[in-house]
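# Observations on chain architecture
The chain contents come next:
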Number of protein chains: 2
Amino acid sequence: MSSHARTVRDYWRLADERDWDGFAALFTADVVYDMPQTRERIRGRDAFVQFNAEYPGDWHLSIRRLVADDSSASTLVDFVVGGEAMTGLSFFSFAEDGSIAMIEDYWPEPYDPPAGREHLVERY
Amino acid sequence: MSSHARTVRDYWRLADERDWDGFAALFTADVVYDMPQTRERIRGRDAFVQFNAEYPGDWHLSIRRLVADDSSASTLVDFVVGGEAMTGLSFFSFAEDGSIAMIEDYWPEPYDPPAGREHLVERY
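These notes cover the structure that comes with them.

Reading the values: rules and limits
- Residues numbered from 1 in each chain as written.
- Chains lettered and ligands numbered in written order.
- Predicted model: local features only at pLDDT ≥ 70, side-chain atom pairs only at ≥ 80, totals over all residues.
- Heavy atoms only, no water.
- Salt bridge = Lys/Arg side-chain N within 4 Å of Asp/Glu carboxyl O.
- Buried < 20%, exposed > 50% of the residue type's maximum accessible area, 1.4 Å probe, protein only.
- Pairing = 2+ DSSP bridges.
- Helix = DSSP H or I, 4+ residues; strand = E, 2+ residues; numbered from the N terminus.
- Contact = heavy atoms within 4.5 Å.
- Axes fitted to C-alpha atoms, helices over the stretch in contact; angles between N-to-C directions.

### Some thoughts on the pattern of salt bridges
One pass over the full model with this rule turns up 16 salt bridges over all chains. Among the salt bridges present, the one from E17 of chain A reaches R13 of chain A, with a minimum N-O distance of 3.3 Å. Residue class for R13 of chain A comes out partly exposed when judged on its relative accessible area of 39%. Here the residues in one salt-bridge network are R64, R65 and D78 of chain A together with E104 of chain B, joined through shared partners.

### Here's the deal with the sheet that holds strand β7 (residues 122-123) of chain A
If you walk across this open sheet you meet the seven strands as β7(A)-β2(B)-β1(B)-β6(B)-β5(B)-β4(B)-β3(B), and the pairing is mixed. Taken across any chain shown, the strands that pair with only one partner, and hence form the sheet edges, are β7 of chain A together with β3 (60-68) of chain B. Direction of pairing for strand β1 (residues 27-35) of chain B relative to strand β2 (residues 40-43) of chain B: antiparallel, over a ladder of four bridges. Of the residues in β2 of chain B, the one forming a bridge with M35 of chain B is E40 of chain B. Helix α1 (residues 3-16) of chain B contacts β1, β3, β4 (72-81), β5 (84-94) and β6 (100-106) of chain B of the sheet and is inclined by roughly 170 degrees relative to β3 of chain B. Set on the sheet, helix α3 (residues 45-53) of chain B makes contact with β1, β2 and β6 of chain B; between it and β1 of chain B the angle comes to about 55 degrees.

Shown next as structure tokens:
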């Protein structure tokens with residue numbers, strides 16, 4: 001497992017365990033967290049850790065996909081909160097010392113399939 | 001650049017160029033394409049190429065993020081169709097010969113930020 005792969009596994013494990021001291025140690029001091037769907041941005045390790053610690057609900061997650069190379073990583077997580085299942089997609093960039101410097105997060109929602117492609121698709 | 005990185009670069013370039021013969025050569029015959037948001041699935045290279053060739057609009061795209069390791073890859077693409085900008089997130093798995101065997105695609109939409117985190121976020 002690459003070093004970045006290990007770091008993003010730790011990221012999700014420590015969040016799921018609410019180990020906020022361990023979690024905080026993964027980031028650069030000026031880490032940037034972007035949520036492009038809402039155009040929200042959080043700047044800095046302290047605010048980002050607080051955001052996660054304050055995130056409401058008894059949420060839990062597991063990693064379903066993880067890709068990591070020498071410069072970046074991405075994950076797909078199954079996230080459950082209050083009986084609701086969500087999918088989280090994240091892209092990570094790293095500083096030279098391996099700390100997480102940037103995260104970009106997406107939370108796609110279900111929608112109705114558009115008409116016109118029924119001849120090619122099945123539903124599951 | 002890893003072999004899988006090259007393959008997913010070709011995937012998006014050939015789609016953008018409408019080179020459907022070149023595009024088709026990237027997949028296993030029984031490739032599976034999943035769109036979890038609509039719970040739609042397409043099975044097989046021929047149906048998947050046809051789905052892309054029939055996709056409506058003068059769409060174009062560019063790769064913004066790409067991660068690839070020895071077993072999988074993921075991309076974030078900026079997709080434009082009819083003046084509308086969308087973001088596409090894809091995870092790829094590969095057969096032993098390097099052909100694309102599975103694709104899982106997400107198209108997250110904008111939404112309003114939930115209340116209660118204004119003290120930590122900025123909008124952009």
